[in-house]
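Letter by letter, the chains look like this.
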Protein chains: 2
Amino acid sequence: MAKKPSIPKGTRDFSPAEVSKRNYIIQAIKKHFETYGFQPIETPSFENSETLMGKYGDEGDRLIFKILNSGDFISKVDDVTYSSKNSASLTPKISEKALRYDLTVPFARYVVMHQNEIDFPFKRYQIQPVWRADRPQKGRFREFYQCDADVVGANSLLQEVEFVQLYDAVFTDLGLKGATIKINNRKILSGIAEVIGAKQLLVDFTVALDKLDKIGEEKVKAEMMEKGISEAAIAKAQPLFDMKGTASEQLEKLKTILADSEVGMLGVSELEEIISTVDMVGLQSASLQLDVTLARGLNYYTGAIFEVAAPEGVKMGSIGGGGRYDDLTGIFGLKDVSGVGISFGLDRIYLVLEELDLFPDSLDISLDVLCLNFGKKEGMAALKLVSGLRKQGLRADLYPTDTKVQKQFKYADKRGVPYVILLGDQELTNGKFVVKNMKTGDQNDYALDSLEEFVEKVKSDF
Amino acid sequence: MAKKPSIPKGTRDFSPAEVSKRNYIIQAIKKHFETYGFQPIETPSFENSETLMGKYGDEGDRLIFKILNSGDFISKVDDVTYSSKNSASLTPKISEKALRYDLTVPFARYVVMHQNEIDFPFKRYQIQPVWRADRPQKGRFREFYQCDADVVGANSLLQEVEFVQLYDAVFTDLGLKGATIKINNRKILSGIAEVIGAKQLLVDFTVALDKLDKIGEEKVKAEMMEKGISEAAIAKAQPLFDMKGTASEQLEKLKTILADSEVGMLGVSELEEIISTVDMVGLQSASLQLDVTLARGLNYYTGAIFEVAAPEGVKMGSIGGGGRYDDLTGIFGLKDVSGVGISFGLDRIYLVLEELDLFPDSLDISLDVLCLNFGKKEGMAALKLVSGLRKQGLRADLYPTDTKVQKQFKYADKRGVPYVILLGDQELTNGKFVVKNMKTGDQNDYALDSLEEFVEKVKSDF
């Protein structure tokens, strides 16, 4: 007997209902990416290993899925390496390709490879799956989509303003009111590390700070101390933890704290410009909030950083994030190209929309009309009718066999079809077809030789 | 210095222009899949190796990309296996997952796993990439998309009729007139193998016959002989090679040849029904052609088989294919579920549309409006204007810096933007903005406080 089939842990099958909800979110994101002038690119699912390795830290490297070389791969391993029986030294000998871990590094690789075809500033978006050999848990998968938009080759802070508007536009469109777009600036964090005398420990400082939401103030401070940041320095950073009030009040306080740090003051002035410009153009349903404890894990950020929180009351990690990085393409040999980008967390947005019941009911309908099958002769007429409806854009189907009417109605019911067509011998003779509204139970006649009336009726339901 | 980056052979980066053309084809296919009542599903990019291995023959197994286990994978290999240093025996010990090779086997796995949630007949479509470690060559890639639609749980020949109509609908929509949908039936091939006394060599017979287009009659016969089919049997099969005339003429001839074969006569009557029903409903731009030499390589087909040829004059292999298989899910333990499906060859359709210049010009436009940047004050007003245009659905952008006007125009030109907006100090004072039509050079004024007029103008261009 065949073994019961399964799928690898951390991966998912998506049913029609799930695909339709996911596409609803993706379409909204895509639409706004495009109205904001972003252009789509796609990159291969796997890259040469050297493109990916060493870009995400040791932990990241471990989570990259490697692809085994084809053919008699083992014969190409020298005996010395083989006899060591060591996974780390064997891997590069038997695997040259790896599944992409995110869309950012492949994008940087793309920009460098295609720099002569690209007109800068280049605004690109990319919506594709990525893979991580992470321990699967609720809301964390080994295969998931990233939805990224980035601009490279534009230093203007207008880009940051646009990204705040873009978040607002997408969430407003999805009916997700009350999202909070948190903003900070890495230069402010650098400035603080500088004035508290922990400049060379900036990375440890931000990595620890990044966990504030999750582990709380005390544990963050403990981690900082563990990393060698002095108690005195941490005490000096206390204003960070206590920062309250409006954005402009916070910025005023920061100006006092950071007065002696050039980079810190630059961060403050960048934020001032971004926040005031956003104020000027206005947001539709989201709000922009300065959060000086926001750090973001990835070390390539150098300017503004973003993170989006779901509306209050919904327990969920960030549903989006991003920031500015001054030298992303440098790793592939193209220097001095500034970039800034954001990402939408598809899976989490899905869960939030589900929790708040924000998916439109129309997504549940995958078929507008089912025509029942009453046998050979009637079936032929029905096929013509269904073909006509399809040509006018309706999603229509003819039940494949002339089985019991009850069974056909049951199928219509299960698939949630709003209209069922009955075209029997009697109707054929009269040149008509009967339409049953499955919700109300009403039945109406329409002429077989003019389908427009019925098509209009169905389309007006949406 | 950083090494010049590259991508693995057989893979591709898609530029914005290419993505937009590919999406144009995919959208047309999707639209018709949906009007024909198919529902989308998605399956993981990688499956457990045991799901895929052994389903595509030895050659297929070799072309499956295997994923290396994570962590210290080598420590889990026993010493006996390790000391053999043999790729074939080592592979299953260090790799448990593999990238999908097609969408059909994952779909069969999906149906079996989700059989209790599915309402049969189940019409599903799936448009996702697949991977094959094939030798890359012109038009053959290691990563490529498949666009499949299948019905499972419906024995009615109406399904075959619908698939012919579906091909016709998609190709008509894409402007690709004159495609030929070739049809045959595996039962006819079985019948012929039977009457010529080569029943047990049916697979060799069809595999050889399948190459007729590529290698010609003589070489096909030579291959058949090599496989042990007698010269006398091949001579009996000669009517196959000489079959001419209309579908009904050919079917009449087949009835004579196959009179003694039950399965063969069943194949003839199935084809008769499909062809006459298609005749009755009619096709828009494609034609249906009986081709008794059509065999299709995959052995799971048991009934009708399809293959689509590009319009005459375009040199290109088949741009689509499919057929009926009586027992696909049997490999995963679910017996007696009949299926029938077709596939669209995205990459080849792309090349055909390119060759015949059938992509709409509008696909080249990725931005409707570029607003020039004249400095701080004007820039703020421009940002508001651009935000307003985006809210109305236009793809609009503000040049990020107030660099030389010439440079900004050059960028507009390179991106192929049809309209450029000028909003300088003078215009601001007058409450107007100037729009330059980049094609004609005409300039027009519009009022800043009513954008609708301009938005209508741009939308009417499409």
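Here the structure is a predicted model, which means the values were calculated and not measured. (Residues numbered from 1 in each chain as written. Chains lettered and ligands numbered in written order. Predicted model: local features only at pLDDT ≥ 70, side-chain atom pairs only at ≥ 80, totals over all residues. Heavy atoms only, no water.)

The strands making up a sheet associate through hydrogen bonds between their backbones, and the pairing can be parallel or antiparallel. Residues and elements named next belong to chain B. As summarised here, the arrangement of the five strands in space is β13-β12-β14-β15-β16, forming an open sheet in which the pairing is mixed. Because the sheet does not close on itself, it has two edges, and the strands there are β13 (396-398) and β16 (443-447). Neighbour-to-neighbour, the strand axes of the sheet open up by a mean angle of 25°, direction not taken into account. Bridge analysis of strand β12 (residues 369-371) against strand β14 (residues 419-422) gives three bridges, and the strand direction is parallel. (Pairing = 2+ DSSP bridges. Helix = DSSP H or I, 4+ residues; strand = E, 2+ residues; numbered from the N terminus. Axes fitted to C-alpha atoms, helices over the stretch in contact; angles between N-to-C directions.)

With that settled, consider empty space enclosed by the protein. Applying the stated rule across the entire model yields six cavities of 30 Å³ or more. As for the largest cavity, its lining consists of 40 residues, of which I127 and Y145 of chain A together with E42, I127 and Y145 of chain B are closest to the centre. For the lining of the largest cavity, the secondary structure elements donating two or more residues are α1 (16-35), β5 (122-131) and β6 (143-152) of chain A together with α1 (16-35) and β5 (122-131) of chain B. Here the residues of the lining of the largest cavity sort into 21 nonpolar, ten polar and nine charged. As for the second largest cavity, its lining consists of 15 residues, and the residues nearest its centre are T43 and Q128 of chain A together with F14, E143 and Y145 of chain B. Mapped onto the lining of the second largest cavity, the elements with two or more residues apiece are β5 of chain A together with β6 (143-152) of chain B. The biggest single contributor to the lining of the second largest cavity is β6 of chain B, with three residues. (1 Å grid on protein atoms, 1.4 Å probe; cavity = no way out; pocket = protein on both sides within 12 Å on 5 of 7 lines; lining within 4 Å. Points joined across faces, edges and corners; volume = space filled by probe spheres on them. Nonpolar A, V, L, I, M, F, W, Y, C, P; charged D, E, K, R; others polar.)

Residues and elements named next belong to chain A. As recorded in UniProt, the feature "binding site: L-histidine" (unreviewed entry) lies at D102, L103, T104, R132, Q146, D150, R296, Y300 and Y301. Among the structural elements, D102 can be located in the loop between β4 (97-99) and α6 (104-113). With a relative accessible area of 4%, D102 lands in the buried category. Not counting chain neighbours up to four residues away, the residues in contact with D102 comprise Y56, V130, R132, Q146 and Y300. A polar contact is formed between the side chain of D102 and the backbone nitrogen of T104, at a distance of 3.3 Å. Position of Y301 among the secondary structure elements: in the loop between β8 (287-290) and β9 (304-309). Using a relative accessible area of 8% as the deciding quantity, one classes Y301 as buried. If we skip the residues at most four places from it in the chain, Y301 touches R186, R296, G322, G323, R324 and Y325. (UniProt positions renumbered as here; feature names shortened; annotations may be inferred. Buried < 20%, exposed > 50% of the residue type's maximum accessible area, 1.4 Å probe, protein only. Contact = heavy atoms within 4.5 Å. Polar contact = N/O pair within 3.5 Å; in protein donor to acceptor, adjacent residues only side chain to side chain.)

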